[in-house]
Amino acid sequence: MTPRALAIVLTVYTAFLAVACVLVHASARGRPPASEVTITSVWKDGVLVARSATPDPLPLATAGTVVRETIVREGSILSAPDIAFAISLVPGRDGVRATLDGRTAYVTPDDLLARQSYDHGASIADLGLTVGVRVDDVIGLLAERLGASVPELRARAELTRIRTERIVDAEPPPHEGVTADALTPAMVKEAAIAAARYLARGQNVDGHFRYFVDAPKNKDLGGYDWPRHAGATYFLTQAAHASGEPELGIAALRAAWLLRDKAMVTCGDERCVGDDDQVEIGSASLALIAFVELVRTGLDPSFSQNVAELARFLRSQQRPDGELRHLYDRSARHAVDVQYLYFSGEAALALSRAHLVTHDAADLTASSRALSYLVGPAWSFFGSRYYFGEEHWTCQVMDDLWERAPDPSALDFCVRWHAYGRRMQYGPGETPFDAAGAFGVGPIVTPRLTPVASRCEAGVATRHALALAHGSEAELAALDRQLRSSLALLVRQQLRPGAAHLFADPQAVAGAMPGSEVDWQLRIDYAQHAGSAMLRWLETAPP
Amino acid sequence: MSVRGRLAFGFLDLVAACLVAIGVFRGLPARAGAIDGCAAVVILLLTVSGVGLMLGRAWAPRVARATSVIVLALGLALVATLAITASYLAGIYGPVGKGGAVILVLVAALGLPYLVALPATQLLWLGWPGRAGRPGRP
């Protein structure tokens, strides 16, 4: 082949590709509808009870919340393969219109939110990720509304992506649309206490929490684990202290008693937390953090004995280089030297907090050594200055130790970690989602709120230590902006009374933190991370 | 056909086969029949072509030429698919879609040297199938 022939082939290819890209972009972007279409729905107890779309007459007056979704844009959609269909709808914003034999049906964003279909579509098992909308929900609903079978709909219906804007005939939730600049300490405190009340409201008399809840249906999804139970206990103790509400204190104590009386077992000569033959140290670490908080706030000083027991167990799990062995085999009576995400940081924070109660220098030394390992050998590889993970406990340890055993290299690590994170923080208007303050790099997955909350916990800690160390004003200001932006997002996204037409029992889930803007499955640690971050910000941030 | 050129293109074909194998069967987080099948064909062709060229077999230029045409076609199809997907996502998601679009463009750029530049250069070196036995300028 001659160079000239190859050049011609590649030039023609490039020209065709460029034109194809422009056409596909324009077709996917869509355009405003030729005439205004508003879909009016009536929702009661989270169930759609009536609907009509212009030009049809409005639904007959029915008790419930009236919601109007106006189509502001419509564009083409790839209906096959399913993975392409799944990622073709922007979560919480886009629905689908189907036309078959002259009849038209809509699946609106509210329909898909009520079914929790967004972000539960195609599964990428190796990444532990599900992306896009559940296609079966969309197709099933359209087929039902058109009175057609699913194969018929797939074969013959014309599908169009619709972008809608929603107007609800109800009081807006508190703090709707609050921005970083408008955020006040009073809002943050109210939100934190609301999150604590949600946890307390869902607690059984034996101290267990409602662990995982489908918010629209107010249905328990099962599962339980002690680290998250202990985390929730810690947050409730913080909230009880901050608010002075006896109900929160009682809930914290119930949860702590359950940990102490049912979950504490023997690990060789020490006491640890767990149910199984092999226990991990995360449960003991978070239980220890909760127990210290109970002692420190005066809610129940009798836990100081358990603090000492768990601190001894964690110290016994530490290797000579500062790293911790994350498992203990109770039958074989020895530690198992494996490492998992988060546990070393949790243990280091637990030992630092324990020292405040035990005043045992061994606890302080163990925590310092663990911190040195976390910011040293544990994060030392080619390119480690340009890449950071999700671990959010290390910076809390660094701050906790700062006034007793300051570690400047750990502070430097945390400042760089946050600078890296800020490069991925969304600003206002940068995404089609309500994501200002969240972190992300791609369009397909709606930003998760728990990483926002846990980065806030670490950010509050870093800001506090940096201020104590008289660090750079520019860095402090950048951290302040980052935190205010993230906290405002958490306050906006918290489930609150108001426009709650998609929930079977809005009051039951009021104050909870969802997984994301569209993932309304509620696990106890979502509220805990957000609430703890808020309360620590109130304690340490400047007025 | 110069010995140096034969050895160089044989070696590069084998390197490209390894990179495609690692990229598809180790790097991709999920399996898809079409992608895996095309990758298997590419790996097989590049390996046979590379070994044949390095050993100086008589059939090697014909196989290398056919391999280059097929790999170039698949490479251009891959680039086109990724570029059109990026355009589609940017159209739907707006500004945030540009992040994903950049990732797809980077993935396309990663494949360009091995799936487009290498087979194109090899075709120039070997000449068009109709001119078999008359290798192009090295």
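Structure shown above.
These numbers come from a predicted model, not from an experiment.

## Things to note about the overall build of chain A
The number of helices and strands found in chain A is 18 helices and 16 strands. Compactness check: chain A gives a C-alpha radius of gyration of 26 Å against a globular reference of 24 Å for 543 residues, within 12% of the reference. Along the first, second and third principal axes, the C-alpha atoms of chain A reach 80 × 75 × 50 Å. Taking all contacts inside chain A whose residues are at least 6 apart in sequence as the whole, residues at least 24 apart take part in 68%.

## Examining the overall build of chain B
Regarding its fold elements, chain B presents four helices and zero strands. Starting at the N terminus and ending at the C terminus, chain B contains elements arranged as α-α-α-α. Burial statistics for chain B: of 138 residues in total, 38% are counted as buried. Contacts spanning at least 24 positions in sequence make up 65% of the contacts within chain B whose residues lie at least 6 apart.

## Remarks on the environment of Cys 414 of chain A
Relative to the helices and strands, Cys 414 of chain A is located in helix α14 (residues 408-422). Beyond its immediate sequence surroundings of up to four residues, Cys 414 of chain A is in contact with Cys 395, Met 398, Ala 458 and Thr 462 of chain A.

## A few points about the environment of Val 213 of chain A
Residue and element names in this part refer to chain A. Looking at where Val 213 falls in the secondary structure, it is placed in strand β9 (residues 212-214). For the pair formed by Val 213 and Trp 520, sequence separation is 307 residues and the distance between their alpha carbons is 8.4 Å. If we skip the residues at most four places from it in the chain, Val 213 touches Asn 218, Lys 219, Asp 220, Leu 221, Val 509 and Leu 522.

## Re the pairing of strand β4 (residues 94-100) of chain A
Residues and elements named next belong to chain A. Judged by how many residues are buried, β4 sits mostly within the fold: five of seven residues are covered. The pairing of β4 with strand β8 (residues 158-168) spans six bridges and is antiparallel. Residue Arg 97 lies in a different strand from β8, and its bridge partner there is Thr 160. For β4 and strand β5 (residues 103-107), the ladder comprises five bridges, and the chain directions are antiparallel. When the bridges of β5 are listed, Leu 100 appears paired with Arg 103. In this structure, the hairpin formed by β4 and β5 is closed by a connection of two residues, where Asp 101 is found at a positive phi of approximately 50 degrees.

## Some details on the sheet that holds strand β16 (residues 521-523) of chain A
All names here are of chain A. Taking strand neighbours across the sheet as the criterion, the three strands line up as β10-β9-β16 in an open arrangement whose pairing is antiparallel. Looking at which strands have only one partner, the edges of the open sheet turn out to be β10 (219-220) and β16. The sheet contact formed by β9 and β10 spans two bridges and is antiparallel. If you follow Asp 214 over to β10, its bridge partner there is Lys 219.

## Description of the pairing of strand β2 (residues 47-53) of chain A
All names here are of chain A. In the sheet, strand β1 (residues 38-44) pairs with β2 via six bridges, with the strands oriented antiparallel. In the strand pairing of β2, Val 42 is matched with Ala 50. Counted along the chain from β1 to the antiparallel partner β2, the turn is two residues long, and its residue Asp 45 has a positive phi close to 50 degrees.

## Section: the packing of α14 of chain A against helix α15 (residues 450-468) of chain A
All names here are of chain A. Their axes nearest at 10 Å, the elements α14 and α15 cross at an angle of 130 degrees. Classified by the angle between their axes, α14 and α15 sit oblique to one another. Relative to α15, the crossing made by α14 is left-handed. Across the interface between the two elements, Leu 411, Cys 414, Val 415, His 418 and Gly 421 from α14 touch Arg 455, Ala 458, Gly 459, Thr 462, Ala 465 and Leu 466 from α15. For the contact of α14 with α15, a count of residues per class yields six nonpolar, four polar and one charged.

## Concerning the sheet that holds strand β13 (residues 278-280) of chain A
All names here are of chain A. The strand order across the open sheet formed by three strands is β13-β14-β15, and the pairing between neighbours is antiparallel. Looking at which strands have only one partner, the edges of the open sheet turn out to be β13 and β15 (334-336). Averaged over all adjacent pairs, the angle separating strand axes in this sheet is 30 degrees, with direction ignored. With three bridges joining them, β13 and strand β14 (residues 327-329) adopt antiparallel strand pairing. Across the sheet, the residue bridging to Gln 278 is Asp 329, located in β14.

Conventions adopted
Residues numbered from 1 in each chain as written. Chains lettered and ligands numbered in written order. Predicted model: local features only at pLDDT ≥ 70, side-chain atom pairs only at ≥ 80, totals over all residues. Helix = DSSP H or I, 4+ residues; strand = E, 2+ residues; numbered from the N terminus. Rg over C-alpha atoms; globule rule 2.2 N^0.38 Å. Contact = placed C-beta atoms within 7 Å. Buried ≥ 20, exposed ≤ 12 C-beta atoms within 10 Å, placed from the backbone. Pairing = 2+ DSSP bridges. Axes fitted to C-alpha atoms, helices over the stretch in contact; angles between N-to-C directions. Parallel < 35°, antiparallel > 145°, perpendicular 65-115°, else oblique. Left-handed = near helix turned anticlockwise from the far one by under 90°. Nonpolar A, V, L, I, M, F, W, Y, C, P; charged D, E, K, R; others polar.

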